[in-house]
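As a plain string of letters, each chain reads:
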Amino acid sequence: MSGNKMEVESLHLYYKDFHALKDVTINIKENHITALIGPSGCGKSTFLRTLNRMNDLYEGVRVEGRVLLDGQDIYQSGIDVVALRKRVGMVFQRPNPFPMSIYDNVAYGPRIHGIKNKKKLDEIVEMSLRGAALWEEVQDRLFKPALGLSGGQQQRLCIARLLAVEPEVVLMDEPSSALDPISTLKIEELIQVLKHDYSIIIVTHNMQQAARVSDTTAFFLNGELIEYGSTEEIFTRPGDRRTEDYITGRFG
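Considerations on the overall build of the protein
From N to C terminus, the protein includes ten helices and ten strands. In terms of overall size, the protein behaves like a compact globule, its C-alpha atoms giving a radius of gyration of 18 Å where 252 residues would be expected to give roughly 18 Å. Structurally, the protein occupies a C-alpha span of about 55 × 45 × 35 Å along its principal axes. Across the 252 residues that make up the protein, the buried fraction comes to 51%. Considering only intrachain contacts with a sequence separation of at least 6, the fraction spanning at least 24 residues in the protein is 67%. Carbon and sulfur atoms form 49% of the exposed surface of the protein, whose accessible area is close to 11800 Å². Of the side-chain charges in the protein, 30 are positive and 34 negative, and the distance between the mean point of each set is 4 Å.

A look at the nonpolar core
The biggest cluster of nonpolar side chains holds 44 residues, and the ones touching the most others in it are Ile102, Leu129, Leu157, Ile159, Met172 and Ile200. Ranked by residues supplied to this core, first place goes to helix 6 (residues 151-163) with five residues. With sequence-adjacent residues up to four places away left out, leucine 157 is seen in contact with Pro97, Ile102, Asn105, Val106, Leu129, Leu134, Ala146 and Leu149. Counting residues in each nonpolar core, the second largest holds 28 residues, with Ile28, Leu84, Leu171 and Val203 among its members.

Details of the sheet that holds strand 2 (residues 18-29)
Strand order in the open sheet formed by four strands is 2-1-4-5, and the pairing between neighbours is antiparallel. The open sheet has two edge strands, strand 2 and strand 5 (72-73), and neither has a second partner. Here strand 4 (residues 61-69) runs beside strand 5; their pairing, made up of two bridges, is antiparallel. Counterpart to leucine 69 in the pairing with strand 5 is glutamine 72.

Quick look at the sheet that holds strand 10 (residues 224-230)
A sheet is described by the order of its strands in space; here six strands give the open sequence 6-7-8-3-9-10, paired in mixed fashion. One side of each edge strand has no neighbouring strand; the edge strands of this open sheet are strand 6 (88-91) and strand 10. When strand polarity is set aside, the average angle formed by the axes of neighbouring strands in this sheet is 20 degrees. Bridge analysis of strand 6 against strand 7 (residues 169-173) gives four bridges, and the strand direction is parallel. When the sheet's bridge partners are listed, methionine 90 is paired in strand 7 with leucine 171. On top of the sheet, helix 6 reaches strand 6 and strand 7; it is set at about 170 degrees to strand 6, its chief contact.

Quick look at the packing of helix 4 (residues 118-131) against helix 6
The interhelical angle for the contact between helix 4 and helix 6, taken along N-to-C directions, is 130 degrees, at an axis separation of 8 Å. Considered as vectors, helix 4 and helix 6 are oriented oblique to each other. Crossing geometry of helix 4 relative to helix 6 is assigned as right-handed. For the pair helix 4 and helix 6, the contacting residues are Ser128, Leu129 and Gly131 in the first and Leu157, Ala160 and Leu163 in the second.

Details of the environment of phenylalanine 219
Its location among the elements puts phenylalanine 219 in strand 9 (residues 216-221). Overall, phenylalanine 219 belongs to the buried group, its relative accessible area being 0%. Sequence-wise, phenylalanine 219 and serine 10 are 209 residues apart; in three dimensions their C-alpha atoms are separated by 16 Å. Those residues in contact with phenylalanine 219 that sit more than four places away from it in its chain are Ile37, Gly38, Pro39, Glu224, Leu225, Ile226, Glu227, Arg242, Thr243, Tyr246 and Phe251.

Concerning helix 6
Between its first and last C-alpha, helix 6 extends 19 Å over 13 residues, near the 18 Å set by a 1.5 Å rise per residue. With twelve of 13 residues buried, helix 6 lies mostly within the body of the structure. Along helix 6, the residues that are buried comprise Gly152, Gln153, Gln154, Gln155, Arg156, Leu157, Cys158, Ile159, Ala160, Arg161, Leu162 and Leu163. On its buried side, helix 6 packs onto strand 6, helix 3 (102-112), helix 4, helix 5 (135-138), strand 7 and helix 7 (181-194).

Some remarks on helix 4
Compared with an ideal rise of 1.5 Å per residue, which puts 14 residues at 20 Å, helix 4 spans 20 Å between its outermost C-alpha atoms and is within 8% of the ideal. Those residues of helix 4 that fall on the buried side of the exposure criterion are Leu121, Ile124, Val125, Ser128 and Leu129. Within helix 4, the buried residues cover an arc of 120 degrees as seen down the axis, which keeps them to one side. The inward-facing, buried residues of helix 4 abut helix 3, helix 5 and helix 6. The opening residue of helix 4, the one whose side-chain oxygen lies 3.0 Å from the backbone nitrogen of lysine 119, is asparagine 117. Phi for alanine 133, located one or two positions after helix 4, is positive at around 55 degrees.

About the criteria used
- Throughout this document, residue positions are counted from 1 along each chain, in the order its sequence is written.
- Local features in a predicted model are, by the rule used here, given only for residues with pLDDT of at least 70; side-chain atom pairs are given and counted only at 80 or more, and totals for whole chains, interfaces and linings are based on all residues.
- By convention in this description, side-chain values take in all heavy atoms of the structure and omit both hydrogens and water.
- For the purposes of this entry, the term helix denotes a DSSP run of H or I that reaches at least four residues, the term strand denotes a run of E that reaches at least two, and both are numbered from the N terminus.
- The globule rule is 2.2 Å times the number of residues to the power 0.38, and the radius of gyration it is compared with is taken over C-alpha atoms.
- Three exposure classes are used, based on accessible area relative to the maximum for each residue type with a 1.4 Å probe and protein chains only: buried under 20%, partly exposed in between, and exposed over 50%.
- Residue contacts follow a heavy-atom distance rule, with two residues in contact if any of their heavy atoms lie within 4.5 Å.
- Computed with a 1.4 Å probe, the accessible areas rest on the Shrake-Rupley method; for each residue, only the protein chains presented here act as cover.
- When charges are counted, Lys and Arg contribute as positive and Asp and Glu as negative, whereas His and the chain ends are disregarded.
- All charge positions are set by atom: Lys at NZ, Arg at CZ, Asp at CG, Glu at CD.
- Working definition of a nonpolar core: buried Ala, Val, Leu, Ile, Met, Phe, Trp, Tyr and Cys residues. They are joined through side-chain atoms within 4.5 Å.
- When DSSP finds at least two bridges between two strands, those strands are taken to pair.
- Axes here refer to lines fitted to C-alpha atoms; in helices the fit is confined to the stretch in contact. Angles between the N-to-C directions go from 0 to 180 degrees.
- The labels follow the angle: roughly parallel below 35 degrees, roughly antiparallel above 145, roughly perpendicular from 65 to 115, and oblique for the rest.
- By convention the crossing between two helices is left-handed if the near helix lies anticlockwise of the far one by an angle smaller than a right angle, and right-handed if it lies clockwise.
- Here a helix's expected span is defined as the number of its residues, less one, multiplied by 1.5 Å.
- The directions from the helix axis to the C-beta atoms form the arc being described.
- Pairing of N or O atoms within 3.5 Å defines a polar contact, subject to two protein rules: one partner must be a possible hydrogen donor and the other a possible acceptor, and residues neighboring in sequence count only if both atoms are side-chain atoms.

Right under this line is the structure:
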């Protein structure tokens with residue numbers, strides 16, 4: 001696998017008659033942060049959702065090609081999609097904590113997967129909140145409603161909720177677009193720490209953010225992968241004029 005956590009080969013995706021992704025081939029490196037950039041409607045989020053089959057939830061979606069996770073095609077018949085989404089978890093654009101306590105938000109996934117022992121759950125909750133850089137801020141109010149947290153704290157809680165089920169890949173769909181600059185900085189710092197344990201793919205419209213946090217960058221346009229490479233190369237020496245035009249703000 002040569003350091004690749006996921007490998008996407010000749011991926012096409014259709015929403016009924018609309019050809020949304022066109023012949024995308026890309027390798028996602030293990031313990032790397034991969035940024036997906038491009039103008040609105042170019043296929044970034046659609047591509048992100050193919051990596052844990054979230055697009056299955058939409059009517060009329062058809063996928064061609066292969067998406068490999070540790071060498072196994074996640075679209076082959078017989079794949080346990082629930083188990084897949086445990087391994088490849090997602091953080092959404094807007095924080096979406098459950099209407100329950102901070103503790104129960106984090107313990108929710110482990111409970112679903114059969115963990116009932118309170119001592120074990122306590123350990124998972126603390127470890128996950130620490131992993132999301134939130135423990136110090138909430139340890140004295142674990143049983144207070146999660147919806148009482150600030151927006152930035154809620155997003156880190158959602159990350160903690162994801163970490164609690166021990167994923168291998170973390171998908172982030174514009175995780176800081178609804179947050180203030182200070183909360184955004186905390187999320188970015190957290191992402192840098194998390195990459196030591198997870199492979200992270202992040203959709204962002206913020207060019208500065210992509211340049212700051214990612215190791216590799218993929219530029220999408222009209223459903224096609226135009227260019228993919230090291231973030232430094234993409235931002236300083238892009239090989240395609242369309243990439244340069246987008247990064248420099250000529251369109252998008």
